[in-house]
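Reading the structure
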Amino acid sequence: NPGPGSWGIVIQDSSHETIIEASSFDDHTTNNKMELTGAIKSMELLIDSLEEVDSSKLSIVLFTDSKYVVDGISSWIINWKKRNWRKADGSDVSNIELWKKLDETRDKFLNVHFKWVKGHNNHPQNERCDELCNQVLDREFNIS
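Residues numbered from 1 in each chain as written. Predicted model: local features only at pLDDT ≥ 70, side-chain atom pairs only at ≥ 80, totals over all residues. Heavy atoms only, no water.

**Things to note about the pairing of strand β3 (residues 59-64)**
- Side chains of β3 alternate between two faces, with Ile60, Leu62 and Thr64 buried and Ser59, Val61 and Phe63 left unburied.
- Here six bridges tie β3 to strand β4 (residues 111-116), and the two strands are oriented parallel to one another. When the bridges of β4 are listed, Thr64 appears paired with Trp116. (Buried < 20%, exposed > 50% of the residue type's maximum accessible area, 1.4 Å probe, protein only. Helix = DSSP H or I, 4+ residues; strand = E, 2+ residues; numbered from the N terminus. Pairing = 2+ DSSP bridges.)

This is the structure we're talking about:
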C-alpha cells in the first residue's frame, strides 16, 4: 500500500442470478482506491448492461466489505461537499476524484443503499469477489 491491487465485482438481479462478474488490476494503487473503483465499476457496468431500462428508476443494494466506502458515501461525503470537498481540518479529501465519481455514478440511480458485509466471513458473493481479485492478480504475476 501503495503497490499492485485489484478489484472484483459480482452483480446479481432481483432473483439472485449472477448477470455480471468483472475484475481488473492496477500495478500502483491502494486498498482504498481499489475499494472505491470496485463500487464505481459495479454501478457503471450495471448501467451499461441495462437494455431499455432507465437506471434513474432503479433502487439497488451495493454490498461491500469496505467500511471506508460505506461510511464515506453514507456519512462523510455530506460534509465534504458542504466544505467544497475538504475535511473538517481543512485538508483535501483523499481520493477526491474517485469520491466525486462514486457520488456522480450513485446519482444515476433512484436509490443506492450501501451495505457493509464482513470480508472473509463466508459471504458467498464477497468470497467470489475475492476469488476474482486473486485470479486477476495471479494472471498479472503469471502465478499458476
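There's plenty left to go through after this.
**As for the layout of surface pockets**
- Looking at the largest pocket, its volume works out to about 1,300 Å³.
- Lining the largest pocket are 41 residues, with Ile9, Val10, Leu62, Phe63 and Cys129 sitting closest to its centre.
- Elements with a contribution of two residues or more to the lining of the largest pocket: β1 (3-12), α1 (31-49), β3 and α4 (124-140).
- Per-class residue counts for the lining of the largest pocket are 20 nonpolar, 17 polar and four charged. (1 Å grid on protein atoms, 1.4 Å probe; cavity = no way out; pocket = protein on both sides within 12 Å on 5 of 7 lines; lining within 4 Å. Points joined across faces, edges and corners; volume = space filled by probe spheres on them. Nonpolar A, V, L, I, M, F, W, Y, C, P; charged D, E, K, R; others polar.)

**Comments concerning the state of the cysteines**
- Enumeration over the complete set of coordinates arrives at zero disulfides.
- Residue Cys129 stays outside any disulfide, its sulfur separated by 6.8 Å from that of Cys133, the closest cysteine.
- Accessibility expressed as a relative area gives 14% for Cys133, which makes it buried. (Disulfide = S-S within 2.5 Å.)

**Focus: unusual backbone geometry**
- Of note in the backbone geometry, Asn84 takes a positive phi value of approximately 60° without being a glycine.
- Within the secondary structure, Asn84 is located in the loop between α2 (67-82) and α3 (96-106).
- Residue Asn122 is not a glycine yet carries a positive backbone phi of 65°.
- Structurally, Asn122 can be placed in the loop between β4 and α4.

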